[in-house]
Amino acid sequence: PAVNQMPFSVGHGNDTVVADDAAFGTVVQAYSPLGTGSLVRDELCTSIGQRYGKSAVQVALKWIIQKCVSIATQSTNLQHLKDDLDIFDFNLSDQEMAQLNAHSGLTFVV
């Protein structure tokens, strides 16, 4: 199998790269799935996460999974790695996916 490893995160929802790559049997793998950290405190991801008892990070990662994209995460913090895996007990709604697809002006909670 072929993999196209590339930056892919919330805000790239209108890209055609996933479908384009799939047409050639290639899977997209997201590196920098948190937008180099900019999604950690994103207001929209935080707001959606509150509905599910999840963090902004977990929402951003779930969005990627629901786009049928694999994820490459990294951390030296064991708890962060465990939290990254705690995304399989909820699903984002079609409306939430659409909001995250179109999300380009990342805003932050302080």
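Not measured: the values here are computed from a predicted model. (Residues numbered from 1 in each chain as written. Predicted model: local features only at pLDDT ≥ 70, side-chain atom pairs only at ≥ 80, totals over all residues. Heavy atoms only, no water.)

Quick look at the nonpolar core
This is how the line gets drawn: In this description, a nonpolar core means a group of buried Ala, Val, Leu, Ile, Met, Phe, Trp, Tyr and Cys residues linked to one another through side-chain atoms lying within 4.5 Å. Relative accessibility decides the category of a residue: with a 1.4 Å probe and only protein chains considered, values under 20% of the type maximum give buried, values over 50% give exposed, and everything between is partly exposed. In this description a helix means any DSSP run of H or I spanning at least four residues, a strand means any run of E spanning at least two, and both kinds are numbered starting from the N terminus. In this analysis, two residues are considered to be in contact whenever any of their non-hydrogen atoms come within 4.5 Å of each other.
Counting residues in hydrophobic clusters, the biggest one holds 24 residues, and the most contacted among them are F8, V10, C45, W63, L92 and L100. Of all the elements in the fold, those that place two or more residues in this core are β2 (26-31), α2 (43-52), α3 (56-66) and α5 (94-102). Top element by residues in this core is α3. It accounts for seven residues. In this structure F8 touches V17, V18, A30, Y31, S32, P33, W63, I64, K67 and V69, once residues within four positions along its chain are discounted.

Some words on α5
Residues separated by three or four positions in an α-helix point in the same direction, a consequence of the helix having 3.6 residues per turn. We apply this condition: This arc describes the spread of directions from the helix axis toward the C-beta atoms.
Residues of α5 that are buried include every one of E96, M97, L100 and N101, and no others. Across the axial projection of α5, the buried residues extend over an arc of 140°, all falling on one side. Among the exposed residues of α5, those oriented more than 90 degrees off its buried face are D94 and Q95. Here the buried face of α5 lies against α2 and α3.

Considering the sheet that holds strand β1 (residues 2-7)
For the record, the criterion: Strand pairing is defined by DSSP finding a minimum of two bridges between the two strands.
Across the sheet, three strands lie side by side as β1-β2-β3; this open sheet has parallel pairing. Edge strands, defined here as strands with exactly one partner in the open sheet, are β1 and β3 (70-71). As paired elements, β1 and β2 share six bridges and run parallel to each other. Of the residues in β2, the one forming a bridge with V3 is V27.

Comments concerning α3
In terms of burial, α3 is a largely internal element, nine of the eleven residues being buried. When α3 is considered as a whole, its buried residues turn out to be A56, V57, Q58, V59, A60, L61, K62, W63 and I64. Where the residues of α3 are buried, they touch β2, α2, β3, α4 (78-85) and α5. Immediately downstream of α3, the backbone of C68 shows phi near 65°, a positive value.

Some details on the environment of H12
By the secondary structure assignment, H12 is in the loop between β1 and α1 (17-22). Exposure remark for H12: the relative accessible area of 28% places this residue in the partly exposed category. Residues in contact with H12, not counting those within four places in the same chain, are P7, W63 and N101.

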